[in-house]
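# Residue-level structure breakdown
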Amino acid sequence: MLTALCALLLAAPMAAAAGGPTVKVSESQAGTGGSVTVSGTGWRPHTLLMMLVCGQSSPSRGVIGGTNSCANADGRAVTTDANGSFGKQLPVAEPPVPCPCVVHVATVTGAGADADAAFQVAGHPVKALPPASTGGRLSMLTDTRLDGSSGLLTWFGAPPSRTLVFTIGNAGTSTLKDPVFQVGTAHGVFAPEWDEQQWHGTLAPGKKAQVELPVELSAGAHGDYAVSLRYDGKVLAEQPWGVGRPWGVTLFWLLLCVVVPAAVFRIGMAVVDRVRPPRAGGIRHRGVPRPVFRVPHLRAAPEPTPSAAATTSTLPWFTPDSGPGATGGRLSAPHDDSSTSPTAPTAPTSPTTPTTPTTKGPT
């Protein structure tokens, strides 16, 4: 008996894990401003999850409008433990669309998984869900892939774009016409942003078809992205997408940082050259003036006077009038003329003519 009881206790967690992840809410209804405790089991260990209050949803059909129907600003992140369980408080907020509402829990990284628990926001309007599509049952037959490449404009910051290609099949009993898919793009650990895209075509029971849906990111996007595909509230596939950095934008800003200062400098120099006063005695030239080198003038020495010339050319043992440079005068040594008779006439001496020596003798 004890062995059977232990087997039942061990089989219960295994059955819950085999059935997929589950979510429970501590209260089925609460008003805005309050909080509820959200717990879950059966998730992958150590996985980051996002908890949101979403409108126009039900546990059976999921979140019909995607995360655009959820109160994203009041969401909470939680990480599962080693057993794949978690428990955390979630503030109650009104979603942007009417109820019925759910507490939506989905994985942020890794393989996609989600679960919903019915919840009612007190005082929030309620509107019936749109009718569910009946007939065919869509199934994925191949993995998704992204076709296309980035061009020159993408290198300069244009929005990167690809084509999501996959093959679907109709496993139901009736024809499937114009199915509406939801393509989501997520960057890093953020929740994907969903965009509804309709495939125009008819798929008979047992047939298959290749579907191509365009995917485009915002301008200047780069890094690791994930493209998710969802149909009828269920995530069908997830495709990673590595987007390169737009180096053309970086090059543009570097050139701008060089060209703009150079242009400002040239304009400033032109303004300075225009408002600068002209130099005295010269013509103002445009541009940077050349340096002027001035050579100091040497003052000419004054010409020597005749007396100075004669003095400088006289040797020290000659008198000024008998030096080697003199043209006339005594050729003998000087003598005393005091014995000359006073009655002897003397010839007048011209101021410009040198005196002629006289001979001394008896009268």
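Right above here is the structure, for reference.
Right, let's walk through the structure included here. From a predicted model like this one, the values you see are computed outputs, not experimental measurements. (Residues numbered from 1 in each chain as written. Predicted model: local features only at pLDDT ≥ 70, side-chain atom pairs only at ≥ 80, totals over all residues. Heavy atoms only, no water.)

On to unusual backbone geometry. Here the amide bond leading from C99 into P100 is cis, since omega sits at 20°, within 30 degrees of zero. With respect to the helices, strands and loops of the structure, P100 is situated in the loop between β8 (86-91) and β9 (101-107). The phi dihedral of Q56 is positive, around 50°, even though this residue is not glycine. Residues other than glycine seldom take positive phi values, yet D178 does so here, at roughly 45°. With respect to the secondary-structure elements, D178 resides in the loop between β14 (176-177) and β15 (180-187). (Helix = DSSP H or I, 4+ residues; strand = E, 2+ residues; numbered from the N terminus.)

Spatial strand order, β2-β10-β9-β4-β7: five strands in an open sheet with mixed pairing. The open sheet is flanked by β2 (29-31) and β7 (76-79), the only strands paired with a single partner. Ignoring strand direction, the axes of neighbouring strands in this sheet form an average angle of 35°. For strand β4 (residues 48-54) and β7, the ladder comprises four bridges, and the chain directions are antiparallel. Paired with M51 across the bridge in β7 is R76. (Pairing = 2+ DSSP bridges. Axes fitted to C-alpha atoms, helices over the stretch in contact; angles between N-to-C directions.)

Now for the state of the cysteines. Considering all chains together, one arrives at two disulfides under this definition. The partner cysteine of C54 in its disulfide is C70, sulfur to sulfur 1.9 Å. Its S-S torsion of about 100° marks the bond between C54 and C70 as right-handed, since a negative value means left-handed. Of this pair, C54 sits in strand β4 while C70 sits in the loop between β6 (62-63) and β7; the two residues are 16 residues apart in sequence, bridging distant segments of the chain. The burial state of C54 is the same as that of C70; both residues are buried. The partner cysteine of C99 in its disulfide is C101, sulfur to sulfur 1.9 Å. Taking the torsion about the S-S bond as the criterion, the C99 to C101 disulfide, at about -90°, is left-handed. Pair check on accessibility: C99 and C101 agree, each one buried. Once the disulfide-bonded cysteines of the protein are ranked by sequence position, their pairing pattern turns out to be 1-2, 3-4. (Disulfide = S-S within 2.5 Å. Buried < 20%, exposed > 50% of the residue type's maximum accessible area, 1.4 Å probe, protein only.)

Inspection of the entire model under this criterion finds two salt bridges. Here R145 ties to D147 by a salt bridge, and the two come within 3.2 Å at their closest N and O atoms. Here R276 makes a salt bridge to D273, at a shortest N to O gap of 2.9 Å. (Salt bridge = Lys/Arg side-chain N within 4 Å of Asp/Glu carboxyl O.)

Where strands meet in a sheet, backbone hydrogen bonds hold them as pairs that are either parallel or antiparallel. Ordered in space as β16-β15-β19-β20, the four strands form an open sheet in which the pairing is antiparallel. Unpaired on one side and paired on the other, β16 (193-198) and β20 (234-243) mark the two borders of the sheet. Geometrically, the sheet is characterised by an average inter-axis angle of 25° between neighbouring strands, direction not taken into account. Direction of pairing for strand β19 (residues 223-231) relative to β20: antiparallel, over a ladder of nine bridges. If you follow Y225 over to β20, its bridge partner there is W241.

Moving on to the side chain of Q56. As for its position among the elements, Q56 is in the loop between β4 and β5 (57-58). Look at Q56 and you get buried, because its relative accessible area is 13%. Within polar-contact distance, the side chain of Q56 engages the backbone oxygen of K127 at 3.1 Å. In contact with Q56, not counting residues within four places along its chain, are G62, I64, V97, P98, C99, P100, K127, A128, L129 and P130. (Polar contact = N/O pair within 3.5 Å; in protein donor to acceptor, adjacent residues only side chain to side chain. Contact = heavy atoms within 4.5 Å.)

Below, the discussion takes up the environment of D232. Inspection of the secondary structure puts D232 in the loop between β19 and β20. Expressed as a C-alpha distance, the spacing of D232 and F181, which sit 51 residues apart in the sequence, is 7.7 Å.

All chains considered together, the criterion is met by five aromatic pairs. Pairing F181 with Y231 gives two aromatic rings, centres 5.4 Å apart and planes at 45°, and the pair type is tilted. With F181 in strand β15 and Y231 in strand β19, this pair connects stretches of sequence that are 50 residues apart. Both rings, one in F252 and one in W253, keep their centres 5.6 Å apart while their planes meet at 70°; by these two values the pair is edge-to-face. Within the aromatic cluster, the residues linked to one another by ring pairs are F166, F181 and Y231. The positively charged end of R230 is found above the aromatic ring belonging to W194, 4.0 Å away from the centroid. The aromatic ring of W247 is capped on one face by R245, whose charged end is 5.7 Å from the ring centroid. (Phe/Tyr/Trp six-rings, centres within 6.5 Å; stacked < 30°, edge-to-face > 60°. Lys NZ or Arg CZ within 6 Å of the ring centre and 35° of its normal.)

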